[in-house]
Amino acid sequence: MGETLKMIRTSLSLTQSQLSAGIMTQSNYSKMEKGEIDVPFSKMIALLEKLGMSVEEFLYVHNHYSQQSTNHLLRLSRLKYNDKERLVQYKKELVSQSTMTTRE
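Residues numbered from 1 in each chain as written. Predicted model: local features only at pLDDT ≥ 70, side-chain atom pairs only at ≥ 80, totals over all residues. Heavy atoms only, no water.

**A short note on the overall build of the protein chain**
(1) Moving on: Along the backbone of the protein chain there are seven helices and zero strands.
(2) Moving on: Order of helices (α) and strands (β) in the protein chain, N terminus to C terminus: α-α-α-α-α-α-α.
(3) Moving on: Across the 104 residues of the protein chain, 25% fall into the buried class.
(4) Moving on: Within the protein chain, counting contacts between residues at least 6 apart in sequence, those at least 24 apart form 45% of the total.
(5) Moving on: Working note: accessible area of the protein chain is about 7,700 Å², and carbon and sulfur atoms make up 53% of it. (Helix = DSSP H or I, 4+ residues; strand = E, 2+ residues; numbered from the N terminus. Buried < 20%, exposed > 50% of the residue type's maximum accessible area, 1.4 Å probe, protein only. Contact = heavy atoms within 4.5 Å. Areas by Shrake-Rupley, 256 points an atom, 1.4 Å probe, with all protein chains shown as cover.)

**A short note on the packing of helix H1 (residues 2-11) against helix H5 (residues 55-62)**
The axes of two packed helices give the description: the angle between them and the distance between them.
(1) Moving on: Closest axis-to-axis distance for the H1/H5 pair is 10 Å, and the angle between their directions is 100°. By the angle class used here, H1 and H5 are roughly perpendicular. Of H5, the residues touching H1 (which contributes Thr4, Leu5, Met7 and Ile8) are Phe58, Val61 and His62.
(2) Moving on: Looking at the contact of H1 with H5 residue by residue, the classes come out as five nonpolar, two polar and no charged. (Axes fitted to C-alpha atoms, helices over the stretch in contact; angles between N-to-C directions. Parallel < 35°, antiparallel > 145°, perpendicular 65-115°, else oblique. Nonpolar A, V, L, I, M, F, W, Y, C, P; charged D, E, K, R; others polar.)

**A short note on the packing of H1 against helix H3 (residues 26-33)**
(1) Moving on: Direction vectors running N to C along H1 and H3 enclose 115°, while the axes themselves pass 7 Å from each other. Classified by the interaxial angle, the pair formed by H1 and H3 is roughly perpendicular. Seen from H1, the contacting residues are Gly2, Glu3, Leu5, Lys6 and Arg9; seen from H3, they are Tyr29, Met32 and Glu33.
(2) Moving on: Looking at the contact of H1 with H3 residue by residue, the classes come out as three nonpolar, one polar and four charged.

**Let's talk about the side chain of glutamine 16**
(1) Moving on: Following the sequence through the fold, glutamine 16 ends up in helix H2 (residues 16-20).
(2) Moving on: A residue is classified by how much of its surface remains accessible, and glutamine 16, at 16% relative accessible area, is buried.
(3) Moving on: With residues up to four places along the chain from it excluded, the contact list for glutamine 16 reads Arg9, Gln26, Tyr29, Ser30 and Glu33.

**Details of a nonpolar patch on the surface**
(1) Moving on: Taken together, Met7, Tyr60 and Tyr65 make up a surface patch of nonpolar side chains, about 310 Å² in accessible area.
(2) Moving on: Structurally, the position occupied by methionine 7 is in helix H1. (Patch = residues over 30% accessible without salt bridge, like charges linked within 9 Å, V, L, I, M, F, W, Y side chains within 5 Å. Salt bridge = Lys/Arg side-chain N within 4 Å of Asp/Glu carboxyl O.)

This is the structure in structure tokens:
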């Protein structure tokens, strides 16, 4: 996620300090871009708001301009958390798709 944020930030000619101001320290932002630390979801939302992006738009860019992963997230969000059978089945489907993609 950090690499995607960096790509978006640099394409908008923003510095790390400009984007992270009021949300997190520039140092922690830099570590997040490098993948050294994870950013809490609330801070990620704040960063995206500052960029004028929705989570869906960010995921679209993050997934190399593909909605496939976004569709998976939407499908997963519609599953009931206590429907173990469907969750296990969906996990099998994702693992199978991942294995097929890796082979290509």
